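# Coordinates in review
Each chain is listed here by its residues.
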Amino acid sequence: MDGKALRDEVRRRYAAAAVSVTAGSASCCDGGSCGTPWYGDTERAELPADAVAASLGCGNPLAVAELREGETVLDLGSGGGIDVLLSAKRVSPAGKVYGLDMTEEMLALALANAEKAGAANVEFLKGHIEAIPLPANRVDVIISNCVINLSVDKPAVFAEMFRVLRPGGRLGISDVVAEDHLTAADRAERGEYTACIAGALTFAEYRAGLAGAGFADIEITPTHEAADSMHSAIVRATKPRDAGARRELATAVTKGGCCG
């Protein structure tokens, strides 16, 4: 499939998942692995049942994001809102959480869940993670749960994450990552694109993509096997505090206005 066809297939798959939850059916990841096992009983008890049922993740990004009161958080591919609502409790009362999703059905479900939870410090946005509808330097923390592997343009995702993070901001992401010896064909043999397998980057590709976008302190830690030689993993990285100064210097050098 080309990029547009893949994106449309991902949208259809997750729209159907949202509809199944709304209709009262359980929503599990392909292969029978639900996202909710990664959350403790206390966390699940904080949430509306539909937010828990709609979880399709491969980990718990909040376990490593270390959210603090007053911070602004962005959840990429927020789905039914489970990580948005849990984050909202951790950063309140002064903090705020944005949830970004491209699927209208998931956004409707997330809004309903936020209303049930009484979450006043959340905002859901419709859009693509390759073109985040927020201004630069807006958020302190970006979280995401098994979504970046679904993107058809991962360099654009990494660049957009860097853009919207404030200097000193950080990533706490759960994603599926492949061992470096696996080719793209190997990954496709292990699972479908919409099942978070075929589109996964290797460890080396993930590190290179984040570094190329400007991130530092990159750590990718496997947590459990998602398929043969493929792993759910926690991804951490930071935007350097001097990122703005570095960009201004690079622009000046490019224009011939520096270091005469």
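For every chain, the first residue of the written sequence is number 1, and numbering continues from 1 onward in sequence order. This being a predicted model, a pLDDT of at least 70 is required before a residue's local features are given, and a value of 80 or more before pairs of side-chain atoms are given or counted; all residues contribute to the totals for chains, interfaces and linings. Excluding hydrogens and water, the side-chain figures rest on all heavy atoms present in the structure.

Moving on: the nonpolar core. The nonpolar side chains of a soluble globular protein tend to be buried with one another. One finds Leu74, Leu76, Ile142, Met161, Leu171, Tyr206 and Leu210 to be the most contacted residues of the largest nonpolar core, which totals 31 residues. Going along the chain from the N terminus, every DSSP run of H or I of four or more residues is numbered as a helix, and every run of E of two or more is numbered as a strand. Of all the secondary-structure elements, those providing two or more residues to this core are strand S1 (72-76), strand S2 (96-101), strand S4 (139-145), helix H7 (154-164), strand S5 (165-178), helix H9 (203-213) and strand S8 (230-238). Considering each element in turn, this core owes the most residues, five residues, to H7. Here a residue-residue contact requires only that any non-hydrogen atoms of the pair lie within 4.5 Å. Setting aside residues up to four positions removed in sequence, Met161 forms contacts with Leu76, Ile132, Ile142, Ile148, Leu171, Ile173, Leu210 and Phe215. Nonpolar cores are built from buried Ala, Val, Leu, Ile, Met, Phe, Trp, Tyr and Cys residues. Side-chain atoms within 4.5 Å join them into one set. Three labels apply to residues, based on accessible area from a 1.4 Å probe with only protein chains included: buried if under 20% of the type maximum, exposed if over 50%, partly exposed otherwise in between. Within the second largest apolar cluster, 21 residues are counted, among which are Leu47, Ala51, Leu85 and Val97.

All right, on to H7 then. Here H7 lies mainly inside the structure; eight of its 11 residues are buried. Inspection of H7 places Lys154, Ala156, Val157, Phe158, Glu160, Met161, Phe162 and Val164 among the buried residues, and these make up the whole buried set.

This part takes up the pairing of S4. Burial within S4 is extensive, with seven of its seven residues counted as buried. Note on pairing: two strands pair once DSSP finds at least 2 bridges between them. Here S1 pairs with S4 via four bridges, running parallel. Bridged to Val73 within S4 is Val141. Here is how to tell: hold the view so the strands point away, follow the path from the first strand over the helix to the second, and if it runs clockwise the crossover is right-handed. This β-α-β element, S4 to H7 to S5, shows right-handed connectivity.

Turning to the confidence of the model for the protein chain, a few remarks are in order. Across the protein chain, the average pLDDT comes to 86, with 85% of residues at 70 or higher. pLDDT is defined as a per-residue confidence score from the predictor, taking values between 0 and 100. When the criterion is pLDDT under 50, residues 26-35 qualifies, and its contacts beyond four places in sequence or with other chains add up to 26 contacts. Low confidence marks residues 248-254, where pLDDT is under 50. Its contacts with residues over four positions away, or in another chain, come to four contacts.

Turning our attention to the environment of Ala237. Checked against the element boundaries, Ala237 lands in strand S8. Taking C-alpha positions, Ala237 is 9.5 Å from Arg207, a pair spaced 30 residues apart along the chain. Not counting residues up to four positions away in its chain, the partners in contact with Ala237 are Gly169, Arg170, Leu171, Leu210, Phe215, Ala216, Asp217 and Ile218.

This next bit is on the pattern of salt bridges. In the sections that follow, a salt bridge refers to a side-chain nitrogen of Lys or Arg positioned within 4 Å of a carboxyl oxygen of Asp or Glu. One pass over the structure, following the stated rule, counts 14 salt bridges. The salt bridge involving Glu160 is made with Arg163; its shortest N-O contact spans 2.7 Å. Remark: Arg163 and Glu160 occur in helix H7; sequence separation between them is three residues, near one turn of the helix. Its salt-bridge partner being Arg187, residue Glu205 comes within 3.1 Å of it at the nearest N-O pair. Linking Glu205 in helix H9 with Arg187 in helix H8 (residues 184-190), this pair joins segments that are 18 residues apart in sequence. Judged by its relative accessible area of 7%, Arg187 is buried. If you follow the salt bridges from partner to partner, you end up with Lys4, Asp8 and Arg11 in one network.

Take the environment of Asp50 next. Inspection of the secondary structure puts Asp50 in helix H3 (residues 49-53). On the basis of relative accessibility, which here comes to 24%, the residue Asp50 falls in the partly exposed class. Separated by 60 residues in sequence, Asp50 and Ala110 have C-alpha atoms that sit 8.8 Å apart.

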